[in-house]
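# Breakdown of the fold
What follows is the residue order along each chain.
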Amino acid sequence: MYLNCHSYFSWKYGCMSPEEVLQEAHSRNIKQLALTDINSTSGILDFHRLAGRYGIKPVAGIDFRNGIEQKFVGLAQNSEGFRELNDYLSYHLHNDKRFGNKVPVFKSAWCVVPWKWFIQWPQKNRTQLLNDKRKRIWIGVAPDDVRNLRLSPIADYMHLCVMLAPCTFRHKADYNTHRLLRSIDNNTLLSKLPASEQAQPGHLLVHPYELIKIYSEYPVIIDNSHALLETCSIDFEFGKNKNKKTFTGNLYEDELLLRKLCAENLNYRYPQQNDTIMERYDKEIRTITDLGYAAYFLLNWDIVQYAQRKNYFYVGRGSGANSVVAYLLRITDVDPVDLDLYFERFINPYRTSPPDFDLDFSWKERDDVIDYIFRTHGHSHVAQLATYSTFQSSAVLRELGKVFGLPKAEIDDLVDNRKHPATPDHISKLIFSYGKRMIDFPNHLSIHAGGILISEKPMHYYTATSIPPKGFPLTHFSMLEAEDVGLYKFDILSQRGLGKVKDAVDIIQQNQHVTVDVHDVSSFKKDERIRANLQRARLIGCFYVESPAMRMLLSKLRASTYLDLVAASSIIRPGVAQSGMMREYILRFHHPERRQYAHPLMKELMAETYGVMVYQEDVIKVAHHFAGLELDEADMLRRGMSGKYRGRAEFDKVEKQFFVNCKARGYDDALTKEVWRQIESFAGYAFSKGHSASYAVESYQCMFLKTYYPLEYMVSCINNFGGFYTTEFYVHEARMCGATIHAPCVNFSKYYTIIKDKDIYIGFMHVAELEHNVAHTLIEEQEKGIYISLQDFATRNSISLEQMIRLIRIGAFRFTGRSKQQLLWDVHFIFGKKKKTEARSELFPVQPAKYNLPPLIQNRIDDAWDQMELLGFVLCSPFDLLKTYNDTVINEISRAIDLPMHLGKVISIRGYMVTRKPTRTKHGEAMSFGTFLDSDGDWIDTTHFPQVLATYPFTGRGCYMITGLVVEEFGFYSIDVTIMKRLEYIERFNTEYDKECGKLDEMMQAE
């Protein structure tokens, strides 16, 4: 009877999750119903997976609508019917096409047409429906239609009529929430929401008795509805692997190819083989082929082979780095034998899902790799994975504030302070009450960071697809539902670090004519110069290790080896740090007497990490060896800690089993709870050891480039906009490494920043609001011959006056020998009353007009302010721009390098702000960590405790006078701030350039 039910995956329309629909149906003794979300299949898989728990037979369908105008409801008779419905919906979504007035006839799906629409059909079409022997179309009679049936020509069609009673709400609060969602969707005030944009209040999920009572006069309609639902049934076979099953088309051929590829690469990866390597390889091959995962490995191998053919840099990471087979196939570059990586973290005999590889590509090349996957396996079998963008507290309050018509200032105050005296109390209560109800409601589909699905059967057997801007089909479900149904993602990710590495190699070749092999990581690990930079944390620009927090950690750990870096990559993660185990790890590193173990097994399992859980593998080891969980249960526990499975019955069962097993083994309750606390506190955030090792490989590649080719590497960092810091600080680091930095120049600069010997020219891409076509056109002309004057430039380029002024202000015409002020006069004489020049060829060079100008003063302060406005930073030292001050300060020093000489003393030092990290104390009070540069360009690290931060807050970019106590911990020096004040800059010396331009305009008009 329930043919038209909506969940909140009827975006900004429905108000119940799929499980809440089932819960409500169960409470009303409903035995079967169809979930038919509006132009969406996002809720179908969860709805079917959970239906059995509530004793309900689920039916899959789609409510096809233009906006909220209902055209028809499609119900899948079986999996083929669901595919047909998804094909039809996807076609319209892909082409942004409205649903027409013609109802499709499916082979394995039913269409239910609303009676109000049906009676508007031409008589010819209605007669055709009566004579259609396929009878795939039904007429849906809504509760409001029943009272009018006596007056309608219904008799001839009664055998085709079914109940079409939309079920969207549980109660009045749901209806009110629906109206708010519709107002948000229509971007209108609640008071102005038209009735045509909202459902009727009576669209309630009611008890079968009430529904039957409405249609009691027409029992045939009730019977037809029952019969229709009885014909519908889909078994999604949850948990069965639905990924592409073979690579070659044959399981046996897949196994042969996998063994052949591994054999070919064995000598490359392991020139000296031994029993340990071969035993590990044999075990992995057997496990992989026995579990049927050969195709999964080969598919990933094929992707990286394509990358190698295209000379794309990539990193294979994640738990895949725990596999020798992955290492042999060159999917990863981490040797799991050398690092003793736990293979069972990746695959174990109990695993029911394929392993997980994360493949990182440059941000410039990732889309081409994804396109290759779609081309190779076909758009019908490949899709990007979706995520759900959900309403969260601040966003909900802002949206509801707009719906209720509050001004922006009041909305800001509601969000920031959760109250506002000018807002009527009842409106505030409504906003907070309904805002709370809407938290975690899905707002729209987003694209998963890297998830790609490759299915054996066409993707539309499981989901409809949409087309986001990049043009690749997107599923309607998330990673969690995909895994439930047996579709396991390939992670094709993007990062700028790889772009930096690749570009650096090219820039080194161009500037120094040296070919660099960045894949010789084994020699990098032994390099003494790289080791020295690691020990001193001189790592600005290096992937994953350049942040202030990592610089501090590496200093405290005195890191000097690859394994030190692997450990640091994991313990800096939030879970380990927040649990206090990062500090405990540091203390145990420095003080062996602190290496206490909760249980003798812990010493055996985690001797390498001093008894501290550092890697995800530690969770599996402890759960398996300490608590006696099976390997699949231990891995479920590890996965559940990520939050994806929390609240799931499967995870709850494993958690209970952990405590049951520990009790059976005779462990004291306090011991069990402490071990569980350690697992729980960080497992969701820590990396697998293989993941950390993969990151460390890329870090070493960057460290090698930074150590031996620092200038070229920093140019690459600048061009890729990649890293922890902004462009300004990579330019600063290049200067610290010996480069001479030049502002953009029309005769030397290119679109990207370039280097010639040790001279770095900032690229035109960094000039604010300089048009892309202007930059590329001037570079094309530059390559035909250098510009000899401002007049020559204006003659050879089509450019507006405003764009010319930008180039003048940034100093791009300094080769003329004329000051910016003189050039601003020149450009107005060149343009006259025109606003744009037209490029033309001149037979002879055009000579600039000669005229006398009064003396014009050019000041370095003006240049700096122009750079700040157009580049976002200055090319001189920011300390050169400070006003002279006469304030008395405590024991002022000028260099951070002198801090050790003042340990335990209060000092003052000027610092240029780089970044700050807000955090909170264990009592919830706001505090911060700061990072500054001194006048020499060296780092100053500061701590701002709550009371000091409240009194002396950060007040924006610039230079600060910092006063505080010099402290040291494990060789890392910092300042506990007591007073902090931002220093003032000198203002522009000359009149603003636009005022000059105004005078020139007046003069030109007068002439």
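Now for a description of the structure that goes with this document. (Residues numbered from 1 in each chain as written. Predicted model: local features only at pLDDT ≥ 70, side-chain atom pairs only at ≥ 80, totals over all residues. Heavy atoms only, no water.)

## Topic: the overall build of the chain
- A count of helical and extended segments in the chain gives 40 helices and 23 strands.
- The C-alpha atoms of the chain give 34 Å as radius of gyration, which agrees with the globular expectation for 1007 residues (30 Å, within 12%).
- The principal-axis extent of the C-alpha atoms belonging to the chain is close to 100 × 85 × 65 Å.
- Counting across all 1007 residues of the chain, residues that qualify as buried make up 57%.
- Pairs at least 24 apart in sequence give 71% of the contacts found in the chain among residues at least 6 apart.
- Of the accessible surface of the chain, which amounts to about 44000 Å², a share of 50% is contributed by carbon and sulfur atoms.
- One finds the centroid of the 122 positive side-chain charges in the chain at a distance of 3 Å from the centroid of its 123 negative side-chain charges. (Helix = DSSP H or I, 4+ residues; strand = E, 2+ residues; numbered from the N terminus. Rg over C-alpha atoms; globule rule 2.2 N^0.38 Å. Buried < 20%, exposed > 50% of the residue type's maximum accessible area, 1.4 Å probe, protein only. Contact = heavy atoms within 4.5 Å. Areas by Shrake-Rupley, 256 points an atom, 1.4 Å probe, with all protein chains shown as cover. Lys, Arg positive; Asp, Glu negative; His and termini not counted. Charge placed at Lys NZ, Arg CZ, Asp CG, Glu CD.)

## Here's the deal with the layout of surface pockets
- Estimates place the volume of the largest pocket at around 1600 Å³.
- When grouped by side-chain class, the residues that make up the lining of the largest pocket number 17 nonpolar, 15 polar and 14 charged. (1 Å grid on protein atoms, 1.4 Å probe; cavity = no way out; pocket = protein on both sides within 12 Å on 5 of 7 lines; lining within 4 Å. Points joined across faces, edges and corners; volume = space filled by probe spheres on them. Nonpolar A, V, L, I, M, F, W, Y, C, P; charged D, E, K, R; others polar.)

## Considerations on the packing of helix α15 (residues 393-403) against helix α17 (residues 425-438)
- The N-to-C vectors of α15 and α17 enclose an angle of 130°; their axes lie 9 Å apart at closest approach. Considered as vectors, α15 and α17 are oriented oblique to each other. Pair α15 / α17 crosses with right-handed handedness. Contacts from Val396, Leu397, Leu400 and Gly401 of α15 reach α17 at Ile431, Phe432, Tyr434, Gly435 and Met438.
- Per-class residue counts for the contact of α15 with α17 are seven nonpolar, two polar and no charged. (Axes fitted to C-alpha atoms, helices over the stretch in contact; angles between N-to-C directions. Parallel < 35°, antiparallel > 145°, perpendicular 65-115°, else oblique. Left-handed = near helix turned anticlockwise from the far one by under 90°.)

## Focus on the sheet that holds strand β17 (residues 759-761)
- Pairing within the open sheet is mixed, and its three strands lie in the order β15-β17-β16. Edge positions in the sheet fall to β15 (740-742) and β16 (754-756), since each of these pairs with one other strand and no more. Pairs of neighbouring strands in the sheet enclose a mean axial angle of 25°, with direction left out of account.
- Relative to β17, β16 runs antiparallel, the two sharing three bridges. (Pairing = 2+ DSSP bridges.)

## Description of the packing of aromatic side chains
- Within the structure shown, the criterion is met by 53 aromatic pairs.
- Measuring from centroid to centroid gives 5.5 Å for Phe704 and Tyr708, while their planes differ by 40°, and the two rings are tilted. Placement of both Phe704 and Tyr708 in helix α31 (residues 689-708) is noted, with a separation of four residues, approximately one turn of the helix.
- What makes Phe704 buried here is its relative accessible area of 12%.
- The class for Tyr708 is partly exposed, based on a relative accessible area of 29%.
- Against the face of Tyr752 rests Lys364, its NZ or CZ located 5.7 Å from the ring centre.
- Taking the ring centre of Tyr461 as reference, the NZ or CZ of Lys457 above it sits at 4.1 Å. (Phe/Tyr/Trp six-rings, centres within 6.5 Å; stacked < 30°, edge-to-face > 60°. Lys NZ or Arg CZ within 6 Å of the ring centre and 35° of its normal.)

## Comments concerning the pairing of strand β6 (residues 137-141)
- Most of β6 is tucked away, with five of its five residues classed as buried.
- Of the two faces of β6, the one lined by Ile137, Ile139 and Val141 and the one lined by Trp138 and Gly140 are each fully buried.
- Strand direction decides the pairing type here: strand β5 (residues 109-114) and β6, joined by four bridges, are parallel. Residue Pro114 lies in a different strand from β6, and its bridge partner there is Gly140.

## Here we look at helix α33 (residues 727-736)
- Extensive coverage of α33 is indicated by the burial of eight of its 10 residues.
- Residues of α33 that are buried: Thr727, Glu728, Phe729, Tyr730, Val731, His732, Glu733 and Ala734.
- Looking at the buried residues of α33, the elements they touch are α31, α32 (710-720), β15, β17, β19 (906-920) and β20 (926-933).
- A positive backbone phi angle near 110° is found at Gly738, which sits one or two residues after α33.

## Examining the pattern of salt bridges
- With the rule as written, the count across this model stands at 52 salt bridges.
- Here Arg49 makes a salt bridge to Asp46, at a shortest N to O gap of 3.1 Å. Linking Arg49 with Asp46, this pair stays in helix α2 (residues 44-51), spanning three residues, or about one helical turn. You'll find Arg49 and Asp46 in the same group, each marked buried.
- One salt bridge in this structure joins Glu969 and Arg583, with 2.4 Å as the shortest N-O distance. Taken together, the positions of Glu969 in strand β22 (residues 959-969) and Arg583 in helix α25 (residues 581-590) put the pair 386 residues apart, joining distant regions of the chain.
- A relative accessible area of 45% means that Arg583 is categorised as partly exposed.
- Three or more residues are tied together by salt bridges with common partners; here these are Arg809, Lys820, Asp863, Asp866 and Glu869. (Salt bridge = Lys/Arg side-chain N within 4 Å of Asp/Glu carboxyl O.)

## Brief notes about the pairing of strand β9 (residues 358-362)
- Among the five residues of β9, five are classified as buried, and the element is accordingly described as predominantly covered.
- Relative to β9, strand β8 (residues 314-317) is paired through four bridges, and the arrangement is antiparallel. Considered in β9, the bridge of Val315 is made with Asp360.
- The pairing of β9 with strand β14 (residues 490-495) spans five bridges and is parallel. Residue pairing for β14: Ser362 is matched across the bridge by Gln495.

## Description of a nonpolar patch on the surface
- Together, Ile890, Val906 and Leu965 make up an exposed nonpolar region whose accessible area comes to about 210 Å².
- The residue Ile890 is located in the loop between α38 (860-871) and β18 (892-893) in this model.
- Residue Ile890 is classed as partly exposed on the basis of its relative accessible area, which comes to 44%. (Patch = residues over 30% accessible without salt bridge, like charges linked within 9 Å, V, L, I, M, F, W, Y side chains within 5 Å.)

## Regarding unusual backbone geometry
- At Lys12, a position not held by glycine, the phi torsion is positive, near 55°.
- Positioned with a positive phi, Arg558 is a non-glycine residue whose angle comes to about 50°.
- Tracing the chain through its elements places Arg558 in the loop between α22 (548-557) and α23 (562-571).

## Describing α31
- Between its first and last C-alpha, α31 extends 28 Å over 20 residues, near the 28 Å set by a 1.5 Å rise per residue.
- Most of α31 is tucked away: 19 of the 20 residues are buried. (Expected span 1.5 Å × (residues − 1).)

## Concerning the packing of helix α10 (residues 251-269) against helix α11 (residues 275-290)
- Where α10 contacts α11, the axes come no closer than 11 Å and their chain directions differ by 160°. Classified by the angle their axes make, α10 and α11 are roughly antiparallel. Here the hand of the crossing between α10 and α11 comes out right-handed. When α10 is examined against α11, the residues Glu255, Leu258, Arg259, Cys262 and Leu266 are found in contact with a partner set consisting of Met278, Tyr281, Ile285, Ile288 and Thr289.
- The class makeup of the residues in the contact of α10 with α11 is seven nonpolar, one polar and two charged.

## So, the side chain of Glu584
- Assignment of secondary structure puts Glu584 in helix α25.
- Taking the relative accessible area as the measure of exposure, Glu584 reaches 14% and is therefore buried.
- A polar atom in the side chain of Glu584 sits 2.9 Å from the side chain of Arg594.
- Discounting residues that sit within four places of it in the chain, Glu584 has contacts with Arg594 and Val612. (Polar contact = N/O pair within 3.5 Å; in protein donor to acceptor, adjacent residues only side chain to side chain.)

## Comments concerning the environment of Val334
- Turning to its location among the elements, Val334 is positioned in the loop between α13 (324-328) and β9.
- Look at Val334 and you get buried, because its relative accessible area is 2%.
- Each C-alpha atom of the pair Val334 and Val521 lies 9.8 Å from the other, and the pair is 187 residues apart in sequence.
- Aside from chain neighbours lying at most four places away, what touches Val334 is Ala321, Tyr327, Leu339, Leu341, Tyr562, Gly690, Ala693, Ser694 and Val697.

## Brief notes about the sheet that holds strand β2 (residues 32-38)
- Pairing in this open sheet of seven strands is mixed, and the strands run β1-β2-β3-β4-β5-β6-β7 from one edge to the other. Among the strands making up the open sheet, the edge pair consists of β1 (2-5) and β7 (161-163). Across this sheet, the average inter-strand angle for adjacent strands is 35°, counted without regard to direction.
- Both β2 and strand β3 (residues 57-66) contribute to a ladder of seven bridges, which runs parallel.

## What about the side chain of Asn243?
- Checked against the element boundaries, Asn243 lands in the loop between α9 (219-230) and α10.
- Leave out the neighbours within four places in its chain, and Asn243 touches Tyr296, Ile454, Ser455, Glu456, Gly486, Leu487, Tyr488 and Phe490.

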